[in-house]
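# Close look at the chain arrangement
Take a look at the letters that make up each chain.
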Amino acid sequence: MNPFHGTNGIAFGPDGRLHVADFLGGRISAVDLSTAEVEVVVPAGGVVQSPDDIAFGADGSMYITDLVPGRVWRRDPLGELTLVSDEVKVPNGITCAGNRLFVNEMRPGGRLLELFPDGGEPVVLTGDLPMANAMQLGPDGHLHYPHMLTGEVHRISPDGGTPELVADGVYMPVAVRFDREGALLVLSAGPEGDITRISPDGRRQVITTGIFGLDNAAVDEDNHVYVSSFASGGIAEVHPDGGIRQIVPQSLVGPYGLAVDRTGTLHAADHYRVAGERTLSSTHGIAAGRDELHTTSQYGEVRTGRRVRAKGLRCPLGIAVRDDGALVVAETGAGRIIAIDADDAITVVANGFSEPVDVTFDAHGRCYVSDEQGVVHRVDDGQPIAEGLAAPQGIAVRGDELLVVEAGRGRVLAIGLVTGDIRTEAGDLPLSPPGTARALFTHGMPGCPRAFTGLAVAPDGTLHVSGRGTVLRIPHK
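Per an unreviewed UniProt entry, the protein goes by Sugar lactone lactonase YvrE and derives from Lentzea rhizosphaerae.

Listed below in structure tokens is the structure:
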């Protein structure tokens, strides 16, 4: 089981280990690079909800940007957490310059601020930033930071002033770091995993790592460069020629919904992408049509391929294709099931549910819905076919049985569609914990996804279940 659900901010701590923020997992870990051993130092479920970037101060304190709730935390050398600020909107990039602390906002029109852990009003150094991100104090004594929306890197004095353009023409710059030779490293969040190295004399070199979704970097005393990936996780050392040494393996960051197409190929909705594709997207639910994949996203959209079929929905999750070609979607946040026809017109199939999570159809075209509050419904006659379940999520039909992931008990149940009998198909599964999401949106920005364990049936009856960074395969008995 992978220790990370994607890897975000990374920084070396006073103990020499590489500390890693896991935004989706809600925790911070420390990696011993010599052994690849991972230790959780800030566990999930505490006051820190969605750590995105980290930095260490001169006294050994770790500073954390908690993006979704909009907070900045200090973890002192003894491990005690205290709130530095809750006045920063979408805090992301963070860096220390001696005893001084700086944070920027990852939003259009964002700000770069100096914060004071011991008290004092934040000082705004500059504003109107088009999506700032990971930053660092350079050898020139200025703070350097990327503009993700414009492909630029700027710098500013820690005491404020007018920002200056340092570099432009960089694709989706997500982080800047300096190596021990004074070169500026600009990470791109695209599919090729490019790092643009700008030497002190201005010469550029593009290093292609092949790591999808680069997020952050850290440089050790021997000038070794280590990188993280929000989309594919893991920790890797990058060599000057672009070759990599994988220290913590890459993996899936969810996954969530699953679908098997008519060729038998399994597709996983992996939050930032459909697993196997090198295109950034936000996918939670997924269904296979005749020739295309249909997906739902936390942005409130339903898509067929790249075509937007619906938007502005409230947390759409499970999706299925009806016999007439309409897409049927569990709109979890609205407590209803909707259908989207060929002309993208939306109709309500059923409503009044508590938390509908997934939908599926049997061979007779009857629709079934899992409601995380413990019930599985047959929509056509309005009857519950199972009650008292612990967080039923992914559902699928195999023959004359409805298969249900009971996430709260880590098992898959089989419900006889004719007899109503319920049996355990598989138990003791390492599934993601059930429950509603932490805040899905903050200040207009998407945040952490809602828990959703998907289920798909292959043509030979094999079940596939999404787990913690993995897809589980359960052969047909």
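Structure's up, so let's keep going.
## Quick look at the sheet that holds strand E42 (residues 422–426)
Strand order in the open sheet formed by 4 strands is E39-E40-E41-E42, with antiparallel pairing between adjacent strands. Of all the strands in the sheet, the pair left with one neighbour each is strand E39 (392–398) and E42. Going from strand to strand, the sheet's axes swing by 30° on average, the running direction of each strand aside. Two elements, strand E40 (residues 401–406) and strand E41 (residues 411–416), share 6 bridges in a ladder whose sense is antiparallel. Bridge pairing in E41 places Leu 402 opposite Ile 415.

## Regarding the packing of aromatic side chains
Summed over all chains, the structure comprises 2 aromatic pairs. With a centroid separation of 5.0 Å and an interplanar angle of 75°, the aromatic rings of Phe 230 and Tyr 272 are classed as edge-to-face. Remark: Tyr 272 occurs in the loop between strand E26 (266–268) and strand E27 (285–288) and Phe 230 occurs in the loop between strand E22 (225–229) and strand E23 (235–238); sequence separation between them is 42 residues.

## A word on the sheet that holds strand E12 (residues 123–130)
Across the sheet, which stays open at both edges, the 4 strands sit in the order E9-E10-E11-E12 with antiparallel pairing between neighbours. The open sheet has two edge strands with one neighbour each: strand E9 (91–97) and E12. If you compare each strand with its neighbour and ignore which way they point, the axes differ by 20° on average. Sheet analysis places strand E11 (residues 108–115) next to E12, joined by 5 bridges and oriented antiparallel. What sits directly across from Glu 114, in E12, is Val 123.

## Notes on the pattern of salt bridges
Per the stated rule, a full pass over the model turns up 29 salt bridges. Residue Arg 180 pairs with Glu 221 through a salt bridge whose shortest N-O separation is 3.7 Å. You can see Arg 180 sitting in the loop between strand E17 (173–178) and strand E18 (184–188) and its partner Glu 221 sitting in the loop between strand E21 (214–219) and E22, a full 41 residues away along the chain. The class of Arg 180 is partly exposed, set by a relative accessible area of 48%. Glu 221 sits in the exposed class, given a relative accessible area of 66%. As a salt-bridge pair, Arg 398 and Glu 425 come within 3.1 Å of each other at their nearest N and O atoms. Taken as a pair, Arg 398 in strand E39 and Glu 425 in strand E42 lie far apart in primary sequence, 27 residues in all.

## Quick look at the nonpolar core
Leu 187, Ile 195, Val 227 and Tyr 272 are the most contacted members of the largest nonpolar core, which totals 29 residues. Of all the elements in the fold, those that place two or more residues in this core are E17, E18, E21, E22 and E23. The element best represented in this core is E21, accounting for 3 residues. In this structure, Ala 391, Leu 429, Leu 431 and Val 465 belong to the second largest nonpolar core, which totals 15 residues.

## Considering unusual backbone geometry
Among all residues except glycine, the phi angle is most often negative; among peptide bonds, the trans geometry is most common. Residue Pro 255 is bonded to the preceding Gly 254 through a cis peptide linkage, with omega at -20°. You can see Pro 255 is positioned in the loop between strand E24 (244–248) and strand E25 (258–260). At His 271, a residue that is not glycine, the phi angle is positive and equals roughly 65°. Here His 271 lies in the loop between E26 and E27. For Asp 344, which is not a glycine, the phi torsion comes out positive at approximately 70°. Mapped onto the elements, Asp 344 comes out in the loop between strand E33 (336–340) and strand E34 (346–351).

## As for the pairing of strand E38 (residues 383–386)
In the sheet, strand E37 (residues 375–378) pairs with E38 via 3 bridges, with the strands oriented antiparallel. When the bridges of E38 are listed, Val 376 appears paired with Ala 386.

## Considering the environment of Trp 73
Among the secondary structure elements, Trp 73 is positioned in strand E7 (residues 71–75). Considered as a pair, Trp 73 and Val 47 are 26 residues apart in the sequence and their alpha carbons are 9.3 Å apart. Residues within four places of Trp 73 in sequence aside, it is in contact with Val 47, Val 48, Met 62, Tyr 63, Ile 64, Asp 66, Leu 81, Thr 82, Leu 83 and Val 84. A polar contact is formed between the side chain of Trp 73 and the side chain of Asp 66, at a distance of 3.1 Å.

Rules behind the numbers
- Residues numbered from 1 in each chain as written.
- Predicted model: local features only at pLDDT ≥ 70, side-chain atom pairs only at ≥ 80, totals over all residues.
- Heavy atoms only, no water.
- Pairing = 2+ DSSP bridges.
- Helix = DSSP H or I, 4+ residues; strand = E, 2+ residues; numbered from the N terminus.
- Axes fitted to C-alpha atoms, helices over the stretch in contact; angles between N-to-C directions.
- Phe/Tyr/Trp six-rings, centres within 6.5 Å; stacked < 30°, edge-to-face > 60°.
- Salt bridge = Lys/Arg side-chain N within 4 Å of Asp/Glu carboxyl O.
- Buried < 20%, exposed > 50% of the residue type's maximum accessible area, 1.4 Å probe, protein only.
- Core = buried A, V, L, I, M, F, W, Y, C linked by side-chain atoms within 4.5 Å.
- Contact = heavy atoms within 4.5 Å.
- Polar contact = N/O pair within 3.5 Å; in protein donor to acceptor, adjacent residues only side chain to side chain.

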